[in-house]
Amino acid sequence: MEVALTVNGEAVTAQAPPRQHLADFLREQLGLTGTHIGCEHGVCGACTVRLDGDIVRGCLVLAVQASGGVVETIEGVSDTGEIADLQAAFEARNALQCGYCTPGMLLTAQELLAANPRPDRDAIRDHMSGNYCRCTGYHAIVDAVDATARQRSEGAR
Ligand code: FES
Ligand code: FES
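Every value quoted in this text rests on a predicted model; they were computed, and no experiment measured them.

A. Representation of the layout of surface pockets. Empty space within the largest pocket amounts to approximately 150 Å³. Together, Gly 38, Cys 44, Ala 46, Cys 98, Tyr 100, Cys 101, Tyr 132, Cys 133, Arg 134 and Cys 135 line the largest pocket. Taken together, the residues that form the lining of the largest pocket break down as 8 nonpolar, 1 polar and 1 charged.

B. Structural view of the pairing of strand 1 (residues 2–7). The alternating pattern of strand 1 places Val 3, Leu 5 and Val 7 on a buried face, while none of Glu 2, Ala 4 and Thr 6, on the opposite face, is buried. Here strand 1 folds back onto strand 2 (residues 10–15) in antiparallel fashion, the turn holding 2 residues, of which Asn 8 has a positive phi close to 50°. Looking at chain direction, strand 1 and strand 5 (residues 70–72) are connected through 2 bridges and run parallel. Paired with Thr 6 across the two strands is Val 70, which belongs to strand 5.

C. Representation of the pattern of salt bridges. Within the structure shown, the criterion is met by 7 salt bridges. Note that Glu 72 and Arg 50 form a salt bridge whose closest N and O atoms lie 3.0 Å from each other. A residue pair is termed long-range when its members are at least 10 positions apart, and Glu 72 in strand 5 and Arg 50 in strand 3 (residues 48–51) qualify at 22 residues. With a relative accessible area of 10%, Arg 50 lands in the buried category. In this structure, the salt-bridge partner of Glu 82 is Arg 50, at a minimum N-O distance of 2.6 Å. Remark: Arg 50 occurs in strand 3 and Glu 82 occurs in the loop between helix 3 (74–79) and helix 4 (84–92); sequence separation between them is 32 residues. Salt bridges linked by common partners bring Arg 118, Arg 121, Asp 143, Asp 146 and Arg 150 together as one network.

The rules behind each value
- Residues numbered from 1 in each chain as written.
- Chains lettered and ligands numbered in written order.
- Predicted model: local features only at pLDDT ≥ 70, side-chain atom pairs only at ≥ 80, totals over all residues.
- Heavy atoms only, no water.
- 1 Å grid on protein atoms, 1.4 Å probe; cavity = no way out; pocket = protein on both sides within 12 Å on 5 of 7 lines; lining within 4 Å.
- Points joined across faces, edges and corners; volume = space filled by probe spheres on them.
- Nonpolar A, V, L, I, M, F, W, Y, C, P; charged D, E, K, R; others polar.
- Buried < 20%, exposed > 50% of the residue type's maximum accessible area, 1.4 Å probe, protein only.
- Helix = DSSP H or I, 4+ residues; strand = E, 2+ residues; numbered from the N terminus.
- Pairing = 2+ DSSP bridges.
- Salt bridge = Lys/Arg side-chain N within 4 Å of Asp/Glu carboxyl O.

Laid out in structure tokens, this is it:
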């Protein structure tokens, strides 16, 4: 089936099997392998992407369902510089080890900070609770998001 999308600002048309999910479509048809696949059951958050401005689980949306939509992946969000400070904070605080969860973590953290510029640590943990990490123990991730929030709010003064 034909799928036509805007992906990271570019119009894309490609064929997809009817039951192929968006995360596989991005990886296999478009080569955007920053979107990871973990559980494929909507549990782990590794496949997080933005669809029409909202983060979604790429494994729970069929590519054909997303047709006509605007998709942003970790590649696109990184290229625009939108999350450069968040990425730097993750690196500075060792908030990633294997990095498998990191694209989803970054997109989810960015969603939180857009809605709530100064969340407390409980709010950060709560918002990030749908993204699983097998390596870090989460503390450093919360530190990195908290530090970015502080830095952005100080910069906005
Ligand atoms: Fe989609 Fe785990 S791969 S939520
Ligand atoms: Fe390895 Fe999170 S850094 S799963």
